Amino acid sequence: MTDHGSSIDPNKPSIARVYDYLLGGKDNYAVDREIGDVFKRDLPGSVAIAFANRAALTRAVGEIVTTTDIRQFIDLGSGLPTADNVHQVAQRHAPESRVVYVDIDPQVLVHGRALLEENDRTRVVAVDVRDPEGVFAHPDTQDLIDFGRPVAVVFSAILHHVNDEEDPAAIVRYWRDRVPSGSHFFVSHFRSGNNAETEEAERVLQQTFGRGRWRTDAEIAALLDGLEILEPGIVPAPLWHPEVVDNPRIGAGGERELTVWERLIAAGLARKP
C-alpha cells in the first residue's frame, strides 16, 4: 500500500521498497535504505521478520496447491517481485495455476508489466486493497479468476498496514462473501508482543508511513471470522508448518524457543466452509 500515483518518487519511502531492501533486493532507493537501516541498526534481528514471512507464504502456497484443487490466487498488496513469487511456487506444482497480483506502488506496477510479458497466467491489478470492490470488478480479475471455483486469497503482511478505522475485517469479509466454499485465505500479520522491540518497530513504521497497527493473535483470528482456521492456527510464522530447510534449529514439532523477532510475525491459513 502507498499513496495513489502513477510515477515513482525516489524521495518518498515505499513500504514495498523497504521490504525489498530488507530481503536483499535491489529495487529500492536511498530513502528506503535509510528506513531499512533503522531496523538493521537499532532493531538487530528484525530483518529475520521479512524472511520468516516470505518463507511462510511460500510454504502456504505450496500446501494449497498440493493438498487442494485450488489453482487460482489473488495476492493482495503483493509488493515487489522476489524469489519464489506466488505464481512461481504455484506453477511449479501446477503449471495451470493463475495469479492476480494487486498493488498500487508504481514500482510494483512497472515490474508487473514486465511479468505479463513472460507469463500469460498472471495479471497485475492497480487497485488499493482497501477497495475490494474495485479489485473484484477489475476486468483483469474477472478475466483470469473464475469465482465459481475455489480461490486462494492472500493477505501476506498487508493487513497490519490497514488501520482500525479502515476496517480490515470488512476487507476480509468482502472476499469471504464472494468466493465459494473450499476457498482458502492466507494471512500473515505483525503481532503485539508487549515488549520494547515490538513497540519500537511499530513506532518506526507509524512515524514513517503514518499507518500501522500491530494486533494480538486473537485480533488476527477475528479478521478471519466465518472461516475455519486450519492447524496449527495463528502462530509465529516460523512455526507455521516449519521445514528444516527454513530453520534447521526448529524441529518438526516446532519445539525450539523462538527469539522475540521470530515471534513478531504471525501466520495462519483458513478455509471457507
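Parameters and conventions
- Residues numbered from 1 in each chain as written.
- Predicted model: local features only at pLDDT ≥ 70, side-chain atom pairs only at ≥ 80, totals over all residues.
- Heavy atoms only, no water.
- Helix = DSSP H or I, 4+ residues; strand = E, 2+ residues; numbered from the N terminus.
- Rg over C-alpha atoms; globule rule 2.2 N^0.38 Å.
- Buried < 20%, exposed > 50% of the residue type's maximum accessible area, 1.4 Å probe, protein only.
- Core = buried A, V, L, I, M, F, W, Y, C linked by side-chain atoms within 4.5 Å.
- Contact = heavy atoms within 4.5 Å.
- Salt bridge = Lys/Arg side-chain N within 4 Å of Asp/Glu carboxyl O.
- Axes fitted to C-alpha atoms, helices over the stretch in contact; angles between N-to-C directions.
- Left-handed = near helix turned anticlockwise from the far one by under 90°.
- Nonpolar A, V, L, I, M, F, W, Y, C, P; charged D, E, K, R; others polar.
- Pairing = 2+ DSSP bridges.
- Right-handed = clockwise from strand over helix to strand, strands pointing away.
- Phe/Tyr/Trp six-rings, centres within 6.5 Å; stacked < 30°, edge-to-face > 60°.
- Lys, Arg positive; Asp, Glu negative; His and termini not counted.

Asks: Describe the overall build of the chain, naming the residues involved and giving the relevant values.
Replies: A tally of regular secondary structure across the chain gives ten helices and eight strands. Here the C-alpha radius of gyration of the chain, 17 Å, is about what a compact globule of 273 residues would show, namely 19 Å. Based on the C-alpha atoms only, the size of the chain along its principal axes is roughly 45 × 45 × 35 Å. In the chain, which comprises 273 residues, the proportion classed as buried is 56%.

Asks: Before we move on, can you summarise the nonpolar core with the specific residues and values?
Replies: Core analysis: the largest hydrophobic core is formed by 47 residues, its most contacted members being Phe-39, Val-61, Phe-73, Val-86, Phe-186, Phe-190 and Leu-264. Ranked by residue count, the leading element in this core is helix 3 (residues 47-67), at ten residues. Those residues in contact with Val-61 that lie beyond four places of it in its chain are Phe-73, Val-86, Val-89 and Ala-90. Counting 32 residues, the second-largest nonpolar core is a separate cluster that includes Val-127, Val-135, Phe-155 and Val-179.

Asks: An account of the pattern of salt bridges is requested, with residue identities and associated values reported.
Replies: Counted according to the given criterion, the structure contains eleven salt bridges. Between Asp-128 and Arg-130 there is a salt bridge whose closest N-O contact spans 2.7 Å.

Asks: For unusual backbone geometry, give the residues involved together with the corresponding values.
Replies: In this structure, Pro-232 follows Glu-231 across a cis peptide bond, with omega equal to 5°. The residue Pro-232 is located in the loop between strand 6 (228-229) and strand 7 (235-236) in this model. Phi at Ala-157 takes a positive value of approximately 55°, unusual for a residue other than glycine. Along the polypeptide, Ala-157 turns up in the loop between strand 4 (152-156) and helix 8 (168-178). Looking at Ala-157, the relative accessible area reads 18%, which means it is buried.

Asks: Can you lay out the packing of helix 3 against helix 4 (residues 86-93) for me, pointing to particular residues and giving the numbers?
Replies: The N-to-C vectors of helix 3 and helix 4 enclose an angle of 35°; their axes lie 9 Å apart at closest approach. Pair helix 3 / helix 4 crosses with right-handed handedness. Residue-level contacts link Leu-57, Thr-58, Val-61, Gly-62, Val-65 and Thr-66 of helix 3 to Val-86, Val-89, Ala-90 and His-93 of helix 4. Residues that form the contact of helix 3 with helix 4 fall into these classes: six nonpolar, four polar and no charged.

Asks: Run through the pairing of strand 1 (residues 72-76), naming residues and quoting values.
Replies: In terms of burial, strand 1 is largely enclosed, as five of its five residues are buried. What you see with strand 1 is no split at all: Gln-72, Ile-74 and Leu-76 on one side and Phe-73 and Asp-75 on the other are buried throughout. Taken together, the five bridges between strand 1 and strand 2 (residues 98-102) define a ladder with parallel strand orientation. Bridge pairing links Ile-74 to Val-100 in strand 2. Sheet analysis places strand 1 next to strand 4, joined by three bridges and oriented parallel.

Asks: Give a detailed account of the pairing of strand 5 (residues 184-190), specifying residues and quantitative values.
Replies: Among the seven residues in strand 5, seven count as buried, and that is most of the element. Side chains of strand 5 alternate between two faces, with His-184, Phe-186, Ser-188 and Phe-190 and Phe-185, Val-187 and His-189 buried alike. Where strand 4 and strand 5 come together, five bridges link them in parallel fashion. Its bridge partner being in strand 5, Val-154 is matched across the sheet by Phe-186. Considered for its hand, the β-α-β crossover made up of strand 4, helix 8 and strand 5 is right-handed. Of the pairings in the sheet, the one linking strand 5 to strand 8 (residues 265-271) comprises seven bridges and is antiparallel in character. From the neighbouring strand, Phe-186 faces strand 8, where its bridge partner is Leu-269.

Asks: Describe the packing of aromatic side chains, with residues and values.
Replies: On inspection of all chains with the given rule, the structure shows seven aromatic pairs. Here Phe-190 and Trp-214 contribute two aromatic rings whose centre-to-centre distance is 4.4 Å and whose plane-to-plane angle is 20°, an arrangement assigned as stacked. Here Phe-190 is found in strand 5, whereas its partner Trp-214 is found in the loop between helix 9 (196-209) and helix 10 (217-222), with 24 residues between them in sequence. According to the relative accessible area criterion, Phe-190 is buried, its value standing at 12%. By relative accessible area, Trp-214 is classed as buried at 2%. The rings of Phe-136, Phe-147, Tyr-174 and Trp-175 are connected pair by pair, giving a single aromatic cluster.

Asks: How would you explain the side chain of Asp-75 if you had to name every residue and give the values?
Replies: Inspection of the secondary structure assignment puts Asp-75 in strand 1. Look at Asp-75: it is buried, it has no salt bridge, and the nearest opposite charge is Arg-54 at 5.9 Å.

It is worth stressing that arrangement in space is one thing and function is another; only the former is reported here.
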